[in-house]
Amino acid sequence: MSASNKFFVYPKDVDAFGFDWGKLSLTVAPEVNGAARFSGGVVDLPPGQGHARHNHPGAEEIIFVISGHGEQMVEDDAGNPITQKVGPGCTIYVPESRFHSTLNTGAGPMQLFVVYSPAGPELGLRDLPDFRIIPAGK
């Protein structure tokens, strides 16, 4: 990626993390453009799909719903699941190391923008059994 292109990145420009439930295209990350304090990108969830309960040890997360409708779960301080219907424009805050999950309950695709701080713990997603790389442009 050229120096000028690292400031303006589309999801199609980067390799994506593919899973049975959808994909994550990191458009901001140390390995993409040198971001040092956070990483982020676009998550695409097909209808009826979502990611299971998980956490990102040592990192906070912001989830912004770009399009589609779903159910978002974030556990409270005591580990109790708090689930709410979410749609376009909703911002979800996931405290550091907190378990959470997302399910697309709509009839069409759901797209999210996610931010992890600090960068790095999201790379643990590569250890999931259904992980695969989707080459840029695919």
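**Here's the deal with the pattern of salt bridges**
(1) Moving on: In this structure the tally under the stated criterion is four salt bridges.
(2) Moving on: The residue K12 makes a salt bridge to D13 at a minimum N-O spacing of 3.2 Å.
(3) Moving on: With a relative accessible area of 56%, K12 lands in the exposed category.
(4) Moving on: Between R98 and D77 there is a salt bridge, with its nearest N and O atoms 2.9 Å apart. Of this pair, R98 sits in the loop between β8 (91–94) and β9 (100–104) while D77 sits in the loop between β6 (70–75) and β7 (81–86), and the two are 21 residues apart along the sequence.

**A few points about the pairing of strand β5 (residues 60–67)**
(1) Moving on: Relative to strand β10 (residues 110–117), β5 runs antiparallel, the two being bridged by seven bridges. From the neighbouring strand, V65 faces β10, where its bridge partner is L112.
(2) Moving on: Summarising the sheet, β5 and β8 pair through four bridges and their orientation is antiparallel. Opposite F64, over in β8, you have T91 as the bridge partner.

**Observations regarding unusual backbone geometry**
(1) Moving on: With omega at 0°, the peptide bond leading from S117 into P118 counts as cis.
(2) Moving on: Within the secondary structure layout, P118 lies in the loop between β10 and β11 (132–134).
(3) Moving on: Positive phi is not limited to glycine here, since S97 has a value of about 65°.
(4) Moving on: On the secondary structure map, S97 appears in the loop between β8 and β9.

**A look at the packing of aromatic side chains**
(1) Moving on: What the rule picks out here adds up to three aromatic pairs.
(2) Moving on: Consider the rings of F17 and F131, whose centres lie 5.3 Å apart with planes at 85°: the pair is edge-to-face. Residue F17 is found in strand β1 (residues 16–19), and its partner F131 is found in the loop between β10 and β11; the two are separated by 114 residues along the sequence.
(3) Moving on: Taking relative accessible area as the criterion, F17 reaches 5% and is therefore assigned buried.
(4) Moving on: Taking the centre distance of 4.6 Å and the plane angle of 5° together, the rings of F19 and W21 count as stacked. Taken as a pair, F19 and W21 share a single burial class, namely buried.
(5) Moving on: One aromatic cluster is present, built from ring pairs that chain together F17, F19, W21 and F131.
(6) Moving on: For R53, the ring lying beneath its charged end belongs to F99, and the centroid distance is 3.8 Å.

**A look at the sheet that holds β6**
(1) Moving on: On the basis of which strands lie adjacent, the open sheet formed by four strands has the order β4-β9-β6-β7 and antiparallel pairing. Only two strands of the sheet have a single partner each, and these edge strands are β4 (50–54) and β7. Between one strand axis and the next, the sheet turns through 15° on average, direction left out of account.
(2) Moving on: In this sheet, β9 lies alongside β6 in antiparallel orientation, the contact comprising five bridges. Looking at the pairing, E71 lines up with L103 of β9.

Rules used throughout
- Residues numbered from 1 in each chain as written.
- Predicted model: local features only at pLDDT ≥ 70, side-chain atom pairs only at ≥ 80, totals over all residues.
- Heavy atoms only, no water.
- Salt bridge = Lys/Arg side-chain N within 4 Å of Asp/Glu carboxyl O.
- Buried < 20%, exposed > 50% of the residue type's maximum accessible area, 1.4 Å probe, protein only.
- Helix = DSSP H or I, 4+ residues; strand = E, 2+ residues; numbered from the N terminus.
- Pairing = 2+ DSSP bridges.
- Phe/Tyr/Trp six-rings, centres within 6.5 Å; stacked < 30°, edge-to-face > 60°.
- Lys NZ or Arg CZ within 6 Å of the ring centre and 35° of its normal.
- Axes fitted to C-alpha atoms, helices over the stretch in contact; angles between N-to-C directions.

In short, the description is geometric, and any link to function would need to be established separately.
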